[in-house]
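Working through the structure, step by step
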Amino acid sequence: MRLSDAERQDALEALEEHVRTGRLDLDEFGTRSAKVTAARTVSDLEPLFTDLPSPRPSALLPLAPMPGVAQASVKNEIQPSKWLTASAVPIAAVVAIALFFFTRGTFLVFLLPLAVALIMSRRR
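First, a word on scope: everything that follows refers to the structure included in this document. Not measured: the values here are computed from a predicted model. (Residues numbered from 1 in each chain as written. Predicted model: local features only at pLDDT ≥ 70, side-chain atom pairs only at ≥ 80, totals over all residues. Heavy atoms only, no water.)

1. A word on the packing of aromatic side chains
Applying the stated criterion across every chain yields a total of one aromatic pair. Each ring, one from Phe 100 and one from Phe 101, has its centre 5.4 Å from the other, and the planes form 75°; the classification is edge-to-face. In this structure Phe 101 comes out as exposed when scored by relative accessible area, which is 61%. (Phe/Tyr/Trp six-rings, centres within 6.5 Å; stacked < 30°, edge-to-face > 60°. Buried < 20%, exposed > 50% of the residue type's maximum accessible area, 1.4 Å probe, protein only.)

2. As for the packing of helix H1 (residues 5–20) against helix H2 (residues 26–38)
Pairs of packed helices are described in terms of their axes, by the angle between the two and the distance that separates them. Where H1 meets H2, the closest approach of the two axes is 10 Å, and the angle between their N-to-C directions is 170°. One element, H1, and the other, H2, form an angle in the roughly antiparallel class. Contacts from Arg 8, Ala 11, Leu 12, Leu 15, Glu 16 and Val 19 of H1 reach H2 at Leu 26, Phe 29, Arg 32, Ser 33, Val 36 and Thr 37. Class assignment of the residues belonging to the contact of H1 with H2 gives a composition of seven nonpolar, two polar and three charged. (Axes fitted to C-alpha atoms, helices over the stretch in contact; angles between N-to-C directions. Helix = DSSP H or I, 4+ residues; strand = E, 2+ residues; numbered from the N terminus. Parallel < 35°, antiparallel > 145°, perpendicular 65-115°, else oblique. Contact = heavy atoms within 4.5 Å. Nonpolar A, V, L, I, M, F, W, Y, C, P; charged D, E, K, R; others polar.)

3. Quick look at the pattern of salt bridges
This model, assessed by the stated rule, comprises three salt bridges. A salt bridge links Asp 51 to Arg 32; its shortest N-O distance comes to 3.0 Å. Here Asp 51 is found in the loop between helix H3 (42–49) and helix H4 (80–102), whereas its partner Arg 32 is found in helix H2, with 19 residues between them in sequence. (Salt bridge = Lys/Arg side-chain N within 4 Å of Asp/Glu carboxyl O.)

4. A closer look at the side chain of Ser 33
Residue position: Ser 33 is located in helix H2. Overall, the relative accessible area of 14% leaves Ser 33 in the buried class. In this structure the side chain of Ser 33 is engaged in a polar contact, spanning 3.1 Å, whose partner is the backbone oxygen of Gly 30. Leaving out residues up to four positions away in the same chain, Ser 33 has contacts with Leu 12 and Leu 15. (Polar contact = N/O pair within 3.5 Å; in protein donor to acceptor, adjacent residues only side chain to side chain.)

Remember that the coordinates give geometry; whether it matters functionally is a separate question.
Structural data, given as structure tokens:
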């Protein structure tokens, strides 16, 4: 991804902070800042900060997934316990509707989703 002027400036400010804290000397700062100003893409910046801790330029921080955009490299793995917690009330509602028809109209079965919701809220 190509860098903007603001992202290059952010990288220079991060390097300046490393000089202030003593992680870089002035010669290293001069060399790295010249490479930052010549950088065109994010991949050009990465080698300049691999041996440095925070602060890092915002261009090197992981991007948050954009809503509505499919992320090919991000796996949406859901843990079984989280899935069960999130699905318990809808499953209880379906079971209550089925019980309603099989028990010939007993309305008390619709308290089942409410009871499950209360139990799950206590569990969290």
